[in-house]
Structure formats: C-alpha cells, structure tokens
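A closer look at the structure
If you want the building blocks of each chain, they are given just below.
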Amino acid sequence: MTAITNPWTTRSRTADDPVDVRYGPLVARRDDEGMRRFRRYGLGQFIHFGLYSIPGNEWNGVSASEGAAAPEWIRAWRGPSAPEDWAGTYDRLNEVFDPTGLDAGEWARQAKRMGARYVIFTTKHHDGFALWPSAHSDYTVAQSPCGRDLVGEVVDAYTAEGIDVFLYFSVLDWHHPGYTTSVPADDAGRAGWQDFLDYTRAQLLELLERYPAARGLWFDGTWDASWVASYEFTHRLEQELRARRPGLIIGSRFRNDEHGARHFDSNGRLLGDYEQGWERKLPADHAMLDGHDWDGVMTIGPNAWGYMRHTGDQYQKTADDLIDLLMRCRSMGGNLVVNFGPDGDGRMTPYEGEIAEQLGAWVAANAEAVYDGGHVDLDPTGMGWLTGDDERVFLTVVNRPVTGIARLRVPADASRVPVSARLLASGQGLELRRTDIGFDLDAATYCDIAIPSDFVSTRAFVIELTLGDAVDPAAERIDAYM
Ligand code: JFZ
C-alpha cells in the first residue's frame, strides 16, 4: 500500500485502495496557453487591501496582536484588549473608507519593476466588503465615500503593464446574514445558507462578466463545514465558471469531494488547475508535487497579509530571503507570490517599496534563470538552487563554496552535459572542468566551475551552464576498469 501524505494540505492518497468519488476533478492537467503562461510567471504579487487596512492591526493606539490572528483578521479581535463593540465599529469602517492615495497605475508600475508577471488582488476578504460596486451586496465601495471601482482600476492598470490578474475571493463572509460556519440544521438556517450560495454565485459571475481580462480566481475561506457540505453546488459552480470563461484558472482551494477531501480528492487527484495549499511554507522537494503546477504565497512579515501600522520587532523578510525563496520555488517548478499590504490610504509601505526595487533589480539581471528556468533533473545542491531548460542549467548560488569551486554532480549516462559556464548577470566566462573524481562507482561525473576569488557579490548570483552533447563518458575517465 502506497500512502502519500502532504502534511500541509489534506492530501492523502492510498493508491491501492481507491474510493468511489463522484465529485472529483473536472479538468485534467492542462497545457493550454493560460497554463503555459502560469508556468512562466515565476514571480507574482499578492495584494491584501480592504477595510482592515484602515486600522492596520491597532485601534486607538492599542495593538490587536493579543486578540486577533493577523491584521486582516482584526474584526475577529477578542479578549481583554478588544475595544467595546469592536465588530460593530469595524463593520462601519465602510463609512470612512476612502483610499485617496491609491493609484493603481503606480502599484502596477512598481510590480512591473519588481518583475511580477501576475497579481492576486483581494476583491472581497472575510469581512465581506466588496472592492467593486457589486449589484448583489449593500456592503461595497459604492456604500463608502470612496465610490470607485477599485477592482476595475487594478485590473486595468496591471493589464496595461502586461501583468496578468487573478481575483482573490473569500467565500467565508462575516457580513452576509446567511453565512454560517457549520452545516445549517433547521429550515431558517438552510434558507439563509441558500441565499448565501446564490449571492456567492452571483458575485462570481459578476466578477467574470465585469473583468474579462482576469485570468484566474483565487479562492479562500473554503474550509468551513457548511461549504464543505455544499459539494454538489461547488461542483456545478466550477463547471459554470469554466464554461463562462474558457481558460480560467482555478486553484485547488475552491472545493472538495463528497467525502470532504479538500485540495485533493479522496483518491489523491488534484481538485483544480494547480496546488493552492502552499502558503508560508514550501514543498520539501520536487517529487512531493507529483508533477502538479503550484505557487507559494508568502508574507513579508511573519504572518501579516493586511497592513500593519507597527511591525515592532517582528522579522521582515529581506530581498535576500525572497530571492532565496523565489529560486527555491522555481527549482521545483513553482511560482513565488510576494504579499503587499498597502496602508488605509492605499499607499504601498516604504519597506515593501524597497523590497520591490531590490528584488526587481536582481530579477532583471537574472531574468532567464527566473522565468525560463523550471525544474531540472539534477541532484539538489547545498550551494543553492538549480533551474533550467533543454539548453541551459542555472545555478543560483546562495551559499558560496569556500574552495572557490562549484561542483555539480552529473549522472554518467546523461546525454546532455554542461560544456561552458558564465556568470549570468555580467556574462563573464568561468572555467569549467568535468572530472571523474573516482566516486559513486562511476555513476556520475562531476562538473567543477571555478568562481574567481576577485568576483565579489553580497547577493546570490547565478552561474549559467550551457549544455552540449556528452562525448563518450568512458573516454573521459582516468581510472582503469576493474
Ligand atoms: C487565509 C486568510 O485567512 C488570510 O487572511 C489570508 O488572506 C491568506 C492568504 O489566506 O489564511 C490561510 C488560509 C489557508 C492556510 C493558511 C492561512 N493554509 O492552508 O495553511
């Protein structure tokens, strides 16, 4: 019996013991233009913006850290530190919501400089407040002094920069009266829940209708028992969404099968176009992914998606951290999505602005390794991350070897082998030698690349290896046959 378990999603497959599943995947692995673009995004931007951006994790100078899970969860602030009637106060923030500093064009240009090829934007987070003037809700930008269609502004501005847009949509909704976390147990509850499902469907169709440029829907808040029990509805709705927008990309966080298995059905089959469970954690290795597409979404602080007025002594990831994570994702064929939380006025924070510029400078200098390089079938190396295509292998050096020799293991029977090396950013040629060092019973040869001692870098750097046909490996061996 083979059991494959991913501890971070509910994936658990028992291959020899298939279960009857009627509400399983609706699509097989796709290879259309949309998914080919997805595989080449490399870097994405997440934006969490909404009513929660106004308090920024505090109210009247009191931090919510003692009582709320994260800044965008501040409405759920509980305990002794919570202000009186806090949820009521929060729910009325629409009356003051007016992000006059929000310039979607500026956001999009910053994202472009960072090298992002897609953006995921919160159209409606758990609080239920819609950032577009939804006809199906009385809790939207239209019921605020803002009065603008922020979703439309973001879709247009990013599309104009050539950045693909995915619409984040939280199913979980603290505003809709019919929403319930548990399966409704009486007629009134069931009627309310049905209202909620109708509203959810209507809002999603409205988003597709209003924003034809959007390429994907990024679902969230789909873990409550009520939604899990609505598998017939979600199965039908996924069909409807896909029919309305051919090519639409939907991740695995949207729905579950009739046994409650989320992300993967009870037989381990992916429920959607890509694995959408990688959040503030990454796959341990490429094999774990079973060839699925995926992305990893990442906060810059430890756990803040929405704006945090005071980050205090919380660690903020650096550009170096993100370069490392980016190339680690790429080495396993995935994209890294870096989260931004603009302030209540709609302005990107100075720190996130710096991150965007620093990351962008690195990505621009090493673009081929980032975008063109997918997973390569070589042994992982402690020096950093390997990416590549049929012609090239890119070694992103994060840990520089003290010997000055970057040594890669190349299987002895490889038909394509590295034949030359250079520093990707500068083009400077590097000496490369393939050697049989008398190791591994000749199962591999080694490729030694000399990193000049006068080459100084305080950032990760990329060595580009060009592949060529292997000459008879036996002829290269210096040791005798036994
Ligand atoms: C959810 C939201 O609750 C959160 O506010 C933020 O929007 C984030 C992107 O998504 O939080 C989650 C959801 C799923 C996991 C972790 C946090 N998960 O599967 O590990």
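Please refer to the structure placed before this passage.
Residues numbered from 1 in each chain as written. Predicted model: local features only at pLDDT ≥ 70, side-chain atom pairs only at ≥ 80, totals over all residues. Heavy atoms only, no water.

What about the side chain of Thr122?
For clarity, the threshold we go by: A run of H or I in DSSP counts as a helix once it spans at least four residues, and a run of E counts as a strand once it spans at least two, with each numbered from the N terminus. When accessible area is computed with a 1.4 Å probe and restricted to protein chains, residues below 20% of their type maximum are described as buried, those above 50% as exposed, and intermediate ones as partly exposed. Identification of polar contacts relies on pairs of N or O atoms within 3.5 Å, with a donor-acceptor requirement for protein atoms, meaning one able to donate a hydrogen and the other able to accept it, and with residues adjacent in sequence counted only if both atoms are side-chain atoms. A contact between two residues is defined here by any heavy atoms of the two lying within 4.5 Å.
Positionally, Thr122 belongs in strand E6 (residues 118-124). Judged by its relative accessible area of 1%, Thr122 is buried. At 3.0 Å, the side chain of Thr122 and the backbone oxygen of Phe49 are in polar contact. Each residue touching Thr122, except ones within four places of it in the same chain, is listed here: Ile47, His48, Phe49, Tyr52, Leu131 and Tyr168.

Things to note about the packing of helix H3 (residues 104-114) against helix H4 (residues 150-160)
The line we're drawing: All axes are obtained by fitting lines to C-alpha atoms, using only the stretch in contact for helices, and the reported angles, taken between N-to-C directions, cover 0 to 180 degrees. If an angle is under 35 degrees, it is roughly parallel; if it is over 145, roughly antiparallel; if it lies from 65 to 115, roughly perpendicular; otherwise it is oblique. The hand of a helix crossing depends on one turn: near helix anticlockwise from the far one by less than a right angle means left-handed, and clockwise means right-handed. In the scheme used here, Gly and all other residues not listed as nonpolar or charged are polar, with Ala, Val, Leu, Ile, Met, Phe, Trp, Tyr, Cys and Pro taken as nonpolar and Asp, Glu, Lys and Arg as charged.
At a minimum axis distance of 8 Å, the contact between H3 and H4 shows a crossing angle of 40°. Relative to H4, H3 is oriented oblique. Relative to H4, the crossing made by H3 is right-handed. Contacts between H3 and H4 involve Ala104, Gly105, Trp107, Ala108 and Ala111 on the former and, on the latter, Glu153, Val154, Ala157 and Tyr158. For the contact of H3 with H4, the per-class residue count stands at seven nonpolar, one polar and one charged.

A few points about the site of the ligand
Where we set the bar: Here a residue is near a molecule or strand as soon as one of its heavy atoms is found within 4 Å of it. Under the convention used here, a 1.4 Å probe and the Shrake-Rupley method define accessible areas, while residue burial counts only the protein chains that appear.
Around the ligand, the surrounding shell consists of His48, Glu72, Trp73, His125, His126, Tyr168, Asp220, Trp223, Arg253, Glu279, Lys281 and Trp305. A distance of 2.7 Å is found between an oxygen atom of the ligand and a side-chain nitrogen or oxygen belonging to His48. Between Asp220 and the ligand, the recorded distance is 2.9 Å, taken from a side-chain N or O atom to an oxygen atom. In isolation the ligand offers 450 Å² of accessible surface; the protein chains occlude 80% of this area.

Digging into the nonpolar core
Here is the rule we go by: Throughout, nonpolar core names a set of buried Ala, Val, Leu, Ile, Met, Phe, Trp, Tyr and Cys residues whose side chains join them through atoms within 4.5 Å.
Within the largest apolar cluster, 93 residues are counted, with the highest numbers of intra-cluster contacts made by Phe97, Tyr158 and Leu241. Counting residues per element, this core draws most heavily on helix H5 (residues 187-210), which supplies eight residues. One finds Val393, Val397, Val410 and Leu465 within the second-largest nonpolar core, a separate group that totals 23 residues.

Section: the side chain of Arg330
As a reminder, the rule being used: Positive: Lys, Arg. Negative: Asp, Glu. His and the chain ends are not part of the count. Salt bridge criterion: a side-chain nitrogen from Lys or Arg within 4 Å of a carboxyl oxygen from Asp or Glu.
Locating Arg330 in the fold gives a position in helix H8 (residues 319-331). For the buried residue Arg330, which engages in no salt bridge, the nearest side chain bearing the opposite charge is Asp372, 7.3 Å off. Reaching out from Arg330, the side chain makes a polar contact with the backbone oxygen of Arg39 at a distance of 3.1 Å. Non-local contacts of Arg330, meaning those with residues more than four positions away in its chain, are made with Arg39, Arg40, Gly42, Asn335, Val370, Tyr371, Gly373, Gly374, His375 and Thr387.

Observations regarding the packing of H3 against helix H9 (residues 350-365)
In the contact formed by H3 and H9, the axes pass within 7 Å of each other and the chain directions differ by 40°. Judged by the inter-axis angle, H3 sits oblique to H9. Within the contact between the two elements, H3 uses Gln110, Arg113 and Met114 and H9 uses Gly353, Ala356, Glu357, Leu359, Gly360 and Val363. Of the residues assigned to the contact of H3 with H9, the class counts are four nonpolar, three polar and two charged.

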